[in-house]
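Chain by chain, the residues:
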Amino acid sequence: MIANLAQLAAEKEQNPLIPAGPEMLVGTIAFAIVFFFFWKKLLPNINKVLEERRAAIEGGIEEADAMKVEAQSVLEQYKAQLAEARHEAARLRQEAREQGATLIAEMRAEGQRQREEIVAAGHAQIEADRKAAAGALRQDVGKLATDLAGKLVGESLEDHARQSRVIDRFLDDLEEKAEATR
């Protein structure tokens, strides 16, 4: 068999790159049929799919651009709201400081007023206690002076009216002397 093929090849010295005439005709017809099928059936479907893909990509790009613009708008709104919130917070802090300062000033004034009331009440109490002590001391000194004078004189000085006048005059004289030395 190989010998037959080698003999057949030796008989026809033909270029292997150029096919024989009937093969060329069959090949051309087959190519035309395949080309016509591709051109009528496959090529429109391929073009349709490519067009749909191109439209989808362009639509996706447009949609992405629209979403980007919307996102930028939302970002700007967020920044504006954030700035407004910061401004409001600063305003509230300032109001709180002012209210705190006012409250502190009111509390200081109230504390000062209460302190002055307490001091005035203390001075009044001290003055009342001093007067009570002076009255009690005056009576005690008068009683002692009357008893001592009675022992010196040798008789009883029991007349209250006269005792009071004598004691008051004596104590007034003592007070005048004490004030004069100051």
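Fair warning: this is a prediction, and the values are worked out from it, not measured in the lab.

Asker: Looking at this structure, I do not really get the overall build of the protein chain. What am I missing?
Answerer: On a plain count of helices and strands, the protein chain comes out with three helices and zero strands. Order of helices (α) and strands (β) in the protein chain, N terminus to C terminus: α-α-α. Relative to its 182 residues, the protein chain shows a buried fraction of 3%. Surface exposure of the protein chain reaches about 16,400 Å², of which carbon and sulfur atoms provide 63%.

Asker: Can you help me understand the packing of aromatic side chains in this one?
Answerer: Note on aromatic pairs: each is described by the distance of the centres and the angle between the planes. Summed over the entire model, instances satisfying the criterion amount to three aromatic pairs. For the pair Phe-36 and Trp-39, a centre-to-centre distance of 6.4 Å together with 55° between the ring planes defines the contact as tilted. Of this pair, Phe-36 and Trp-39 both sit in helix H2 (residues 21-153), separated by three residues, roughly a single helical turn. A relative accessible area of 47% means that Trp-39 is categorised as partly exposed.

Asker: Explain the pattern of salt bridges to me, please; I cannot follow it from the model alone.
Answerer: Side-chain pairs of opposite charge can arise where the charged atoms are in close proximity. As enumerated under the stated definition, the model contains seven salt bridges in all. With its nearest N and O atoms 2.7 Å apart, the salt bridge here joins Arg-54 to Glu-58. Separated by four residues within a single helix, Arg-54 and Glu-58 lie in helix H2, roughly one turn from each other. Arg-130 is the salt-bridge partner of Glu-127, the closest N and O atoms lying 2.6 Å from each other. Residue Glu-127 and its partner Arg-130 are located together in helix H2, separated by three residues, close to a single helical turn. The network of salt bridges with shared partners includes Glu-51, Arg-54 and Glu-58.

About the criteria used
- Residues numbered from 1 in each chain as written.
- Predicted model: local features only at pLDDT ≥ 70, side-chain atom pairs only at ≥ 80, totals over all residues.
- Heavy atoms only, no water.
- Helix = DSSP H or I, 4+ residues; strand = E, 2+ residues; numbered from the N terminus.
- Buried < 20%, exposed > 50% of the residue type's maximum accessible area, 1.4 Å probe, protein only.
- Areas by Shrake-Rupley, 256 points an atom, 1.4 Å probe, with all protein chains shown as cover.
- Phe/Tyr/Trp six-rings, centres within 6.5 Å; stacked < 30°, edge-to-face > 60°.
- Salt bridge = Lys/Arg side-chain N within 4 Å of Asp/Glu carboxyl O.

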